[in-house]
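Descriptive structure summary
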Amino acid sequence: MADTKTTKEPWKEEVEIKLPKATNGEPNYVIASVNGRVFKIQRGIKVKVPAPIAEVIEHSFLAQDEADSFIESKTDK
């Protein structure tokens, strides 16, 4: 059984992030959720969010970069 005194609570750890500003047609915010906890995060300003939300946003951007690279590799030929 884990000792609750040494177990970190990830929802209590805050991370400061800044999302890039929206381009034409994009909303000025991003919605991210983990386990039913939903956050609406404004773009273009620094905000503090719980660590799990920051991680989901980071994974989202990494996945988008991979998708963009894949599309570019297929269209360059």
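See above for the structure.
Reference entry: report on the structure contained in this document.

Thresholds, definitions, all that
Residues numbered from 1 in each chain as written. Predicted model: local features only at pLDDT ≥ 70, side-chain atom pairs only at ≥ 80, totals over all residues. Heavy atoms only, no water. Helix = DSSP H or I, 4+ residues; strand = E, 2+ residues; numbered from the N terminus. Contact = heavy atoms within 4.5 Å. Patch = residues over 30% accessible without salt bridge, like charges linked within 9 Å, V, L, I, M, F, W, Y side chains within 5 Å. Areas by Shrake-Rupley, 256 points an atom, 1.4 Å probe, with all protein chains shown as cover. Salt bridge = Lys/Arg side-chain N within 4 Å of Asp/Glu carboxyl O. Buried < 20%, exposed > 50% of the residue type's maximum accessible area, 1.4 Å probe, protein only.

Let us look at the overall build of the protein. Along the backbone of the protein there are one helix and four strands. Sequence-ordered secondary structure for the protein, helices as α and strands as β, is β-β-β-β-α. Taking the contacts inside the protein whose residues are at least 6 apart along the sequence as the reference set, 49% of them involve residues at least 24 apart.

A grouping of Tyr29, Ile31 and Val38 is seen on the molecular surface, where their side chains present a nonpolar patch of about 300 Å² in accessible area. With respect to the helices, strands and loops of the structure, Tyr29 is situated in strand 2 (residues 29-34). By relative accessible area, Tyr29 is classed as partly exposed at 34%.

Looking now at the environment of Pro10. Topologically, Pro10 is positioned in the segment before strand 1 (14-18). Remark: the alpha-carbon pair of Pro10 and Ile53, spanning 43 residues in sequence, is separated by 9.8 Å. Those residues within four positions of Pro10 in sequence are excluded, and the remaining contacts are Ala51 and Pro52.

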